[in-house]
Amino acid sequence: NSGDPLIVEKTSLTMELLKIRGKGKNELGYGDASDPITLVSATRPGIVNAPTTEIEGANVKVSWSAPSNGGSVILSYRVQIRDFSGFFRDIDTAVAGLSTTIPLSSLTSEPFNLVQGSLVASKVVALNLIGEGILSPANSVGALIQVRP
């Protein structure tokens, strides 16, 4: 009988590195500790830079660059658009790539109610297995709402 299973001791924790070592136990007590091993732990994704917006026909394309993934693959992005009152609302909550296309007609109706000449301001946040990062800053220039007469 080898006794209790391996016991793991946390010896230090700094940012994304975890050093651990183990000891075995039997009826005579604990053995010597193993050499430490270092594991890299994942964190939430980094902040996305302000996205860009551009008109593509009857749509607005929102694009961004990938942030640091925090040590875990980015699963998706959540995109928000500023409505007429200045509140940012989710428009697309599971974008797999680095852009999404939104019909202008959806931005000029409820709940966004943007009017001719309004800037399409957007924010983006990345999601990995650990959770969401921090919302990006909004773009300050870009696509303006165009309404057909």
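The model shown is predicted, which means the values in this text are computed figures rather than measured ones.

Novice: I would appreciate a short explanation of the sheet that holds strand 8 (residues 76-82) in the present structure.
Specialist: Where strands meet in a sheet, backbone hydrogen bonds hold them as pairs that are either parallel or antiparallel. Pairing within the open sheet is antiparallel, and its three strands lie in the order 9-8-11. With one partner strand each, in any of the chains shown, strand 9 (88-95) and strand 11 (122-127) form the two edges of the open sheet. Each strand of the sheet is rotated relative to its neighbour by a mean of 20°, with strand direction disregarded.

Novice: What should I look at first to understand a nonpolar patch on the surface in this one?
Specialist: There is a patch of nonpolar side chains on the surface, built from Val 73, Leu 75, Leu 129 and Ile 130 and spanning about 430 Å² of accessible area. Following the sequence through the fold, Val 73 ends up in the loop between strand 7 (59-63) and strand 8. According to the relative accessible area criterion, Val 73 is exposed, its value standing at 61%.

Novice: Help me out: how do you make sense of the nonpolar core in this one?
Specialist: Soluble globular proteins: nonpolar side chains tend toward being buried together. Ranked by size, the top nonpolar core spans 19 residues in total, and within it Val 60, Val 62, Trp 64, Tyr 77, Ile 81, Leu 107 and Val 120 carry the most contacts. Secondary-structure elements contributing two or more residues to this core are strand 7, strand 8, helix 1 (104-107) and strand 11. Of all the elements, strand 8 adds the most residues to this core, at three residues. Ignoring sequence-local partners within four residues, the contact set of Val 60 consists of Thr 53, Glu 54, Ile 55, Thr 100, Thr 101, Ile 102, Leu 104, Leu 107, Val 120 and Ala 143.

Novice: How should I be thinking about unusual backbone geometry in this particular structure?
Specialist: Here the bond from Glu 110 into Pro 111 is cis, since omega is 0°, no more than 30 degrees from zero. In this structure, Pro 111 sits in the loop between helix 1 and strand 11. One non-glycine residue, Asn 113, adopts positive backbone phi at about 55°. Relative to the assigned elements, Asn 113 resides in the loop between helix 1 and strand 11.

Novice: Mind showing me how you'd approach the environment of Gly 71 here?
Specialist: Checked against the element boundaries, Gly 71 lands in the loop between strand 7 and strand 8. Expressed as a C-alpha distance, the spacing of Gly 71 and Leu 129, which sit 58 residues apart in the sequence, is 9.7 Å.

Novice: In this structure, what is going on with the sheet that holds strand 7? I would like to understand it.
Specialist: Within the open sheet, the three strands sit side by side as 6-7-10. Their pairing is antiparallel. For this open sheet the edge positions go to strand 6 (52-56) and strand 10 (99-103), each flanked by a neighbour on one side alone. When the angles between neighbouring strand axes are averaged without regard to direction, this sheet yields 25°. As paired elements, strand 7 and strand 10 share five bridges and run antiparallel to each other. What sits directly across from Lys 61, in strand 10, is Thr 101.

Here is what the cut-offs are and how they apply
Residues numbered from 1 in each chain as written. Predicted model: local features only at pLDDT ≥ 70, side-chain atom pairs only at ≥ 80, totals over all residues. Heavy atoms only, no water. Pairing = 2+ DSSP bridges. Helix = DSSP H or I, 4+ residues; strand = E, 2+ residues; numbered from the N terminus. Axes fitted to C-alpha atoms, helices over the stretch in contact; angles between N-to-C directions. Patch = residues over 30% accessible without salt bridge, like charges linked within 9 Å, V, L, I, M, F, W, Y side chains within 5 Å. Areas by Shrake-Rupley, 256 points an atom, 1.4 Å probe, with all protein chains shown as cover. Salt bridge = Lys/Arg side-chain N within 4 Å of Asp/Glu carboxyl O. Buried < 20%, exposed > 50% of the residue type's maximum accessible area, 1.4 Å probe, protein only. Core = buried A, V, L, I, M, F, W, Y, C linked by side-chain atoms within 4.5 Å. Contact = heavy atoms within 4.5 Å.

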